Amino acid sequence: MSCGWRERDRHHGHESGGGVLMALGLALPMAKPIQYALGSELLTNGDFGVATNWVLGASWAVASGVATVTNPAATSLLSQAIGLTVGALYRVQYTVTSYTGGGLFVRFTNAGASVTTLSSASATGTYTAYAVLIGTADSLSFVAPNSLASYSIDNVSLKKVL
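Residues numbered from 1 in each chain as written. Predicted model: local features only at pLDDT ≥ 70, side-chain atom pairs only at ≥ 80, totals over all residues. Heavy atoms only, no water.

**As for unusual backbone geometry**
The backbone of F48 shows a phi angle near 55°, a positive value even though the residue is not glycine. As for its placement among the helices and strands, F48 is situated in the loop between β4 (38-41) and β5 (55-56). Unusually for a residue other than glycine, N71 sits at a positive phi of about 45°. With respect to the helices, strands and loops of the structure, N71 is situated in the loop between β7 (66-70) and β8 (76-81). Relative accessible area serves as the criterion here: at 42%, N71 is assigned to the partly exposed category. (Helix = DSSP H or I, 4+ residues; strand = E, 2+ residues; numbered from the N terminus. Buried < 20%, exposed > 50% of the residue type's maximum accessible area, 1.4 Å probe, protein only.)

Take a look at the structure:
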């Protein structure tokens, strides 16, 4: 379940400029990107130079500077445990470098169970999303929801909005 709002900006010719503001399920076009003061980086190895600090579920692999999932038999997560604050606003950014299908969800999770969905993707591009953490969570997770999932991600960043 998602709470609050998020801004999504995709590059590589999909959506450009101001992006879209999601407010309680309503998509509203924005004239200018919103700028926020951000805290320090909360993730380690978001560039996937190495897999250290990432927990790779079934069918996930880290190689050549990207994390890739290829047709998992069931829902599979790529996660990193981090300290999170309930009620805080966070910004996540990531790049989908290749995409064949299956859907991608970015979620705050607690022991693998979804707490807040930050973003979803179904094409290559760079994504930015903002979300308020609405319950206790211990990790940021990329979720491959089904056996059709096949894509690579890179340049993952998570920062608290100050």
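**Side note on the sheet that holds β5**
In space, the 5 strands of this open sheet follow the order β5-β8-β13-β10-β11, with antiparallel pairing throughout. Only two strands of the sheet have a single partner each, and these edge strands are β5 and β11 (113-121). Pairing of strand β10 (residues 104-110) with β11, which is carried by 7 bridges, proceeds in the antiparallel orientation. Along β11, the bridge assignment pairs F108 with T116. (Pairing = 2+ DSSP bridges.)

**Some thoughts on the environment of S141**
Of note, S141 is situated in strand β13 (residues 139-144). Along the primary structure S141 and S79 are separated by 62 residues, whereas in three dimensions their C-alpha atoms are 4.2 Å apart. Apart from the residues lying within four places of it in its own chain, the contact partners of S141 are L77, L78, S79, F105, V106, R107 and T109. Within the structure, S141 has its side chain in polar contact with the side chain of S79 (distance 2.6 Å). At 2.8 Å, the side chain of S141 and the side chain of T109 are in polar contact. (Contact = heavy atoms within 4.5 Å. Polar contact = N/O pair within 3.5 Å; in protein donor to acceptor, adjacent residues only side chain to side chain.)

**Looking at the confidence of the model for the protein chain**
When pLDDT is averaged along the protein chain, the result is 84, and 79% of the positions lie at 70 or above. This model gives residues 1-28 a pLDDT under 50, and the stretch forms 76 contacts once residues within four places in sequence are excluded. (pLDDT = per-residue confidence, 0-100.)

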